[in-house]
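Here is what each chain is made of, one letter per residue.
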Amino acid sequence: MFAAENGLKGDPRLQAISNAIRVVPHFPKQGIMFQDITTLLLDHKAFKHTVDIFVERYKDMDISVVAGVEARGFMFGPSIALAIGAKFVPLRKPKKLPGEVIAEAYELEYGRDCLEMHVGAVEAGERAIVIDDLVATGGTLSAAIRLLERVGAQVVECGCVIGLREVKGQLRLNGKPLYILVEPREIDGC
Amino acid sequence: MLVREQLTMSDYRDKDPLIHGIQSKIRVVPNFPKPGIMFQDITTLLLDPKAFKDTIDLFVERYKGKNISVVAGIEARGFIFGPPIALEIGAKFVPLRKPKKLPGKVISEEYVLEYGKDCLEMHVGAVEPGERALVVDDLIATGGTLCAAMQLLERVGAEVVECACVIELPDLKGRERLNGKPLYVLVESH
């Protein structure tokens with residue numbers, strides 16, 4: 001669900017966040033209008049609004065785990081975790097995490113990829129959220145949800161700054177609620 | 001201030017229970033990523049909300065009110081510590097990334113690895129001349145990556161005020177590769 005339709009209608013922070021995102025055409029390949037959040041990170045106020053909105057939403061939900069998807073999920077997840085008193089759990093590409101891990105494969109447009117989580121990072125019964133910058137097809141987030149559920153955690157929600165058209169109208173991913181701040185920006189000559 | 005800076009790290013550790021708490025949460029994983037390397041794993045620190053918060057607070061306390069407008073973080077673990085610090089001190093966060101990850105126009109800096117070379121990139125326009133910047137990463141070993149990061153910032157006319165890491169491996173003498181720039185670390189590992 002989009003934040004504007006779920007309690008934050010007209011909230012000026014959402015417009016500030018959207019305005020701070022830059023669209024880079026044809027990256028990483030022709031035809032893709034890449035939603036670049038690095039310009040949001042350069043705008044301290046808008047970056048703070050982004051974290052604040054997620055913190056306001058999750059702080060009273062008894063969440064003990066914030067899982068962030070490598071690498072852009074690392075830019076948002078830890079600040080949220082710190083503010084709500086939860087642990088931060090990085091979900092990483094293969095061979096990056098040292099020690100014992102569990103792995104979950106997922107489909108890409110062409111081929112497959114894999115997400116890993118540390119064994120022992122999350123305990124059965126913990127309430128978790130998954131954070132990433134953007135959700136497109138939901139493949140990566142679905143893998144993240146499966147990793148957490150495999151160790152017995154309860155995924156309460158997935159939170160993303162941007163949600164692409166494919167997910168609009170989709171309230172849930174793998175049966176889990178999806179919470180999105182803004183839609184993709186169009187190229188408007190700016 | 002001069003007397004405090006002359007204290008050795010073990011003085012800090014003995015005197016500061018916060019530092020001791022942080023150090024105790026860092027896990028050493030032997031023979032990762034290859035035999036002979038004792039890997040300093042900070043993910044266990046992130047699982048302890050108090051210790052993670054103490055880590056960030058120590059950096060924020062040092063840098064708040066010093067007119068720092070840029071916190072540059074090195075992919076990927078610098079993305080975990082950098083943004084919370086940036087948000088607290090009112091600075092922008094600038095990700096420094098492996099090649100081809102940042103969309104749009106970038107500048108690159110090559111650096112030497114044990115075997116071969118690697119490259120760090122920064123967005124053109126992210127940092128302006130005269131800005132005061134920090135470079136943040138989880139760990140300094142040989143200093144090669146931090147040195148490349150400093151070069152990127154200086155090439156666009158920023159002033160690197162300090163490099164900040166959670167952990168230093170002093171035996172690898174990374175401190176000496178920083179072109180005289182100060183290094184601040186919380187924990188030493190021999």
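Every residue gets a number counted from 1 within its own chain, in the order that chain's sequence is written. Each chain is given a letter, starting from A, and each ligand a number, starting from 1, according to the order in which they appear as written. Restriction of local features to residues with pLDDT of at least 70 applies here, the model being predicted, together with a cutoff of 80 or more for giving and counting side-chain atom pairs; totals for whole chains, interfaces and linings are based on all residues. The basis for every side-chain value is the complete set of heavy atoms in the structure, and neither hydrogens nor water enter the calculation.

### Quick notes on the side chain of K92(B)
All names here are of chain B.
Here is step 1: Strands are runs of DSSP state E lasting at least two residues, helices are runs of H or I lasting at least four, and both sets are numbered from the N terminus onward. Structurally, K92 can be placed in strand β4 (residues 92–96).
Here is step 2: Summary of the burial criterion: residues with accessible area below 20% of their type's maximum are buried, those above 50% are exposed, and those between are partly exposed, where the area comes from a 1.4 Å probe applied to protein chains only. Judged by relative accessible area, which is 14%, K92 ranks as buried.
Here is step 3: The definition of a polar contact used here is a pair of N or O atoms within 3.5 Å, where within protein one atom must be able to donate a hydrogen and the other to accept one, and adjacent residues in sequence count solely through side-chain atom pairs. Polar side-chain contacts of K92 include one of 2.7 Å to the side chain of E131.

### Some details on the packing of helix α5 (residues 49–63) of chain B against helix α6 (residues 78–89) of chain B
All names here are of chain B.
Here is step 1: Axis angles are defined between N-to-C directions and span 0 to 180 degrees, where every axis is a line fitted to C-alpha atoms and, for a helix, only to the segment in contact. Packing of α5 against α6 brings their axes to within 9 Å, and their N-to-C directions diverge by 50°. Considered as vectors, α5 and α6 are oriented oblique to each other. Seen along the crossing, α5 lies across α6 with a hand that is right-handed. Contact with α5, carried on its side by F52, T55, I56, F59, V60 and Y63, involves I80, F81, P84, I85, E88 and I89 of α6 and no other residues of that element.
Here is step 2: For the contact of α5 with α6, the residue count by class is ten nonpolar, one polar and one charged. An angle below 35 degrees is read as roughly parallel, one above 145 as roughly antiparallel, one from 65 to 115 as roughly perpendicular, and any other as oblique. Note on convention: the crossing is left-handed when the near helix lies turned anticlockwise from the far helix by less than a right angle, right-handed when the turn is clockwise. In this analysis, two residues are considered to be in contact whenever any of their non-hydrogen atoms come within 4.5 Å of each other. Residue polarity follows a fixed list, in which Ala, Val, Leu, Ile, Met, Phe, Trp, Tyr, Cys and Pro are nonpolar, Asp, Glu, Lys and Arg are charged, and the others, Gly among them, are polar.

### Some thoughts on the pairing of strand β3 (residues 65–69) of chain A
Residues and elements named next belong to chain A.
Here is step 1: By the criterion of burial, β3 is predominantly enclosed, with five of the five residues buried.
Here is step 2: Here β3 shows a buried face lined by V65, A67 and V69 and a second buried face lined by V66 and G68.
Here is step 3: Examined bridge by bridge, β3 and strand β4 (residues 87–91) share five bridges and lie parallel to one another. When the sheet's bridge partners are listed, V69 is paired in β4 with L91.
Here is step 4: Crossovers are marked right-handed if the path from the first strand over the helix to the second runs clockwise, as seen with the strands pointing away from the viewer. Taking the sense of rotation as the criterion, the β-α-β connection linking β3, helix α4 (residues 73–84) and β4 turns out right-handed.
Here is step 5: One ladder, built from four bridges, connects β3 with strand β7 (residues 127–135); its direction is parallel. Residue pairing for β7: A67 is matched across the bridge by V130. Pairing between two strands is assigned when DSSP locates at least 2 bridges connecting them.

### Here we look at the UniProt feature "domain: Phosphoribosyltransferase" (unreviewed entry) in chain A
Here is step 1: UniProt positions are given in the numbering used here, feature names are shortened, and annotations may be inferred rather than shown by experiment. The positions UniProt marks with the feature "domain: Phosphoribosyltransferase" (unreviewed entry) are residues 52–162 of chain A.
Here is step 2: End-to-end, the C-alpha atoms of residues 52–162 of chain A are 16 Å apart, and along that stretch the chain is 28% helix and 38% strand.

### Digging into the interface of chain A and chain B
Here is step 1: Between chain A and chain B, the contact holds 34 residues from the first and 35 residues from the second.
Here is step 2: Buried area, as used here, totals the accessible surface that two parts lose on assembly, with accessibility defined by a 1.4 Å probe and the loss added over both. When chain A packs against chain B, close to 2700 Å² is buried across both sides, 71% of that on carbon and sulfur atoms.
Here is step 3: Considering only the surface of chain A that becomes buried against chain B, L42(A), L82(A) and P98(A) emerge as the three largest contributors, covering 21% of it.
Here is step 4: Taken together, chain A and chain B are joined by nine residue pairs in polar contact (both at pLDDT 80 or more).
Here is step 5: Sorting the residues of the side of chain A that touches chain B by element identifies β1 (22–25), β2 (33–36), α2 (38–41), α3 (44–58), α4 and β4 of chain A as the ones contributing at least two each.
Here is step 6: Looking at the side of chain A that touches chain B, the element that brings in the most residues is α4(A), giving five residues.
Here is step 7: For the side of chain A that touches chain B, a count of residues per class yields 19 nonpolar, six polar and nine charged.

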